[in-house]
Amino acid sequence: MALSKLTGIRQATGPAVEGAVRFSDWPWRHWARFRPQKIAVAEGCHNLNWSQLAQQIDELAMGFISQGVHTGCGVVMKAGNSEQALLAYMALLQCGARLLPLNPRLPESQTATLLPVLNIDFALTLTGDSPAGIPALSMQYQKGRADRNWEPEALATLTLTSGSGGLPKAAAHTFRAHLASAYGVVTTMNFTAEDGWLLSLPLCHVSGQGIIWRWLLAGANLVLPGDAPLHQALDLSTFASLVPTQLWRLLQQPRLPENLHNVLLGGAAIPETLTQQAEAAGIACWCGYGMTETASTVTAKRADSCNGVGQPLAGQQVRVVEGEVQIRSPALACGYWRQGYLLSLAGNGGWFTTRDGGYLDDDGLHLTGRLDNQFFSAGEGIQPEQVEAVLLTHPAVEQIFIVPKADEEFGHRPVALVTLKAEVTLPELEAWSKTLLAGFQRPVRWYVLPELNSGGIKISRQRLVEWVARQEAD
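This report concerns the structure included in the present document. Since the model is a prediction, treat every value here as computed from it, not as a measurement. (Residues numbered from 1 in each chain as written. Predicted model: local features only at pLDDT ≥ 70, side-chain atom pairs only at ≥ 80, totals over all residues. Heavy atoms only, no water.)

1. What about the overall build of the protein chain?
Regarding its fold elements, the protein chain presents 12 helices and 28 strands. Sorting the 474 residues of the protein chain into buried and exposed places 55% on the buried side. Counted over contacts in the protein chain with a minimum sequence separation of 6, partners at least 24 positions apart contribute 64%. Split by element, the accessible area of the protein chain, about 19800 Å² in all, is 49% carbon and sulfur. (Helix = DSSP H or I, 4+ residues; strand = E, 2+ residues; numbered from the N terminus. Buried < 20%, exposed > 50% of the residue type's maximum accessible area, 1.4 Å probe, protein only. Contact = heavy atoms within 4.5 Å. Areas by Shrake-Rupley, 256 points an atom, 1.4 Å probe, with all protein chains shown as cover.)

Now the structure itself:
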């Protein structure tokens, strides 16, 4: 790491990116040409080699093209992790679609507001209900070969952020950006073609897509969990991306996966006792830092007693300006997509301001907390204002705050503090909200908003967090 200290600014730079984009064709076609018989995808006893995978992607892409999918059109894909979803993800990209993987757990009331500003032309629904008013695609295979050229600089995906202003933003990444992100992790963690990485995180999250692009860059084996419990799916994996909740549950099993040697943790605070237990069992734990806008991981290190999140990965630059972490990266999104335009997210000199507090020293980056209010529950980002906006649509709600409470298993869970203006009980409000919120967004406790204002104009969220912690302790 190169470390420079400027006036009020401390900056760290990772090693140079060498050959992060080395493909002259679609990555799956590249590996089908050079390693046709090597296993590419494994799910239980079912395998696909690279040749079979590339052929299925070609035929599915032809099927999508026959339904009207074309270069530059917007396609939303609602799907859990499966072989079908994986094939559709790559086939739609090969068609030239601008692909938005969507969390199937988001309620229709939220997607109905979000999708119209993202210029969506088609919807492929493999899990849940189809978005209303959008032409539906189906999984049709047709013989042939979709001959759209591989263009690393082309726009590939839209991935939703949590959104501090209500609606999530759609971060737009090119193929080159995804591969640049993958390169840093692959080289740091020594993930090779002989390894297998479990697709343990959803494709609607940038962390799940990060697994895809590391697999494609290395020409390795992608392990799909199927219907197997996590601890069984990990039997075929040497690497996995897990949130602390998943690792905690894995370590409760009577038998650990014998091939699992490396775990990249993220999505929540990582207890030192958890990583110590895993390391004692022969599982190397890595912690890192990244976000949707940077196509996943920016810094990483082996987890230890130090609370830092490591040095910048290859190609990444990190600096701290007046206590705020800023990033410059070849993996940075080219903008936020809205109404057919890309809205720039980088500032002067290409630096992206993260709204994360932190500092740099010789051990790397240390985070001091969000400068806004977002928190994570089992890897799911929860933006309080977004949940509050939904709950405020109830006519009996006068004021509401969503704050986190610490949880050993999930990291944090949401708690609601409410002022009601009509004869409605908190249990009735809770029941009403269940169809409007995703499971991870639903408060696990409901309280009447306490009087903590002390004459100020605004209620302090931090004081509410402390008040909730006292109630839980009692």
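2. Side note on unusual backbone geometry
Peptide bonds are, in most cases, trans, and in most cases residues other than glycine have a negative phi. Within the chain, Gln339 stands out as a residue other than glycine whose phi angle is a positive 50°. In this structure, Gln339 sits in the loop between strand 20 (335-338) and strand 21 (341-343). Phi is positive for Arg355, which is not a glycine, with a value near 65°. Within the secondary structure, Arg355 is located in strand 22 (residues 352-361). The partly exposed category is assigned to Arg355, whose relative accessible area is 39%.

3. Quick notes on the side chain of Asn103
Looking at where Asn103 falls in the secondary structure, it is placed in the loop between strand 6 (98-102) and helix 4 (108-114). Setting aside anything within four residues of it in sequence, one finds Asn103 in contact with Cys204, His205, Glu380 and Phe440.

4. What about the packing of aromatic side chains?
On inspection of all chains with the given rule, the structure shows 12 aromatic pairs. Judged by centre distance (6.1 Å) and plane angle (80°), the rings of Phe23 and Trp31 are edge-to-face. Using a relative accessible area of 6% as the deciding quantity, one classes Phe23 as buried. Taking the relative accessible area as the measure of exposure, Trp31 reaches 5% and is therefore buried. Taken together, the ring pairs connect Trp26, Trp28, Trp150, Phe175 and Trp213 into an aromatic cluster. When the ring centre of Trp337 is taken as reference, the NZ or CZ atom of Arg98 above it lies at 4.1 Å. Taking NZ or CZ as reference, Arg413 lies 4.2 Å from the ring centre of Phe410, over its face. (Phe/Tyr/Trp six-rings, centres within 6.5 Å; stacked < 30°, edge-to-face > 60°. Lys NZ or Arg CZ within 6 Å of the ring centre and 35° of its normal.)

5. Topic: helix 11 (residues 426-433)
Buried within helix 11 we find Leu426, Leu429 and Ser433. Each buried residue of helix 11 lies within a common arc of 60° when the element is viewed along its axis, so the set occupies one face. The secondary structure elements touched by the buried residues of helix 11 are helix 10 (384-391), strand 26 (397-407), strand 27 (411-420) and strand 28 (445-448). (Arc of directions from axis to C-beta.)

6. Re the pairing of strand 23 (residues 364-370)
Across six bridges, the pairing between strand 22 and strand 23 is antiparallel. Looking across to strand 23, one finds that Asp361 is bridged to Gly364. (Pairing = 2+ DSSP bridges.)

7. Overview of the nonpolar core
Grouped together as the largest cluster of nonpolar side chains are 70 residues, with contacts concentrated most on Leu53, Phe64, Val69, Ile212 and Trp215. Among the elements that take part in this core, helix 3 (residues 83-94) stands out by supplying nine residues, more than any other. In contact with Leu53, other than residues within four places in its own chain, are Ala40, Val41, Leu48, Leu87, Met90 and Trp215. (Core = buried A, V, L, I, M, F, W, Y, C linked by side-chain atoms within 4.5 Å.)

8. Notes on the pattern of salt bridges
Under the defined criterion, the tally for this structure stands at 16 salt bridges. Taking the shortest distance from any N to any O, the salt bridge between Asp304 and Lys301 comes out at 2.8 Å. Looking at Lys301, the relative accessible area reads 13%, which means it is buried. What emerges from the salt-bridge pattern is a single network uniting Asp25, Arg29, Arg33, Asp58, Arg145 and Asp147. (Salt bridge = Lys/Arg side-chain N within 4 Å of Asp/Glu carboxyl O.)

9. Side note on the environment of Trp213
With respect to the helices and strands, the residue Trp213 is situated in helix 6 (residues 206-218). Look past the residues within four positions of Trp213 in its chain and what remains in contact with it is Tyr89, Leu93, Phe175, His178, Leu179 and Ala182.

10. Things to note about the sheet that holds strand 28
A sheet is described by the order of its strands in space; here three strands give the open sequence 26-27-28, paired in mixed fashion. Taken across any chain shown, the strands that pair with only one partner, and hence form the sheet edges, are strand 26 and strand 28. Neighbour to neighbour, the strand axes of the sheet diverge by 25° on average, direction disregarded. Note: strand 26 against strand 27, 10 bridges, orientation antiparallel. In the sheet register, Lys405 faces strand 27, and the bridge partner there is Arg413. Against the sheet, helix 12 (residues 461-473) makes contact with strand 26, strand 27 and strand 28, and its axis sits at roughly 65° relative to strand 26, the strand it touches most. (Axes fitted to C-alpha atoms, helices over the stretch in contact; angles between N-to-C directions.)

11. Examining helix 5 (residues 175-189)
Given a rise of 1.5 Å per residue, 15 residues ought to cover 21 Å, and the 21 Å separating the end C-alpha atoms of helix 5 matches this to within 8%. Where burial is concerned, most of helix 5 is hidden: 12 out of the 15 residues are buried. Of all the residues in helix 5, the buried ones are Phe175, Ala177, His178, Leu179, Ala180, Ser181, Ala182, Tyr183, Gly184, Val185, Val186 and Met189. (Expected span 1.5 Å × (residues − 1).)

12. A few points about the state of the cysteines
This structure, assessed with the given rule, holds zero disulfides. In this model Cys285 remains outside any disulfide bridge; the closest cysteine sulfur is found in Cys287, 9.2 Å from its own. For Cys285, a relative accessible area of 0% puts it in the buried group. (Disulfide = S-S within 2.5 Å.)

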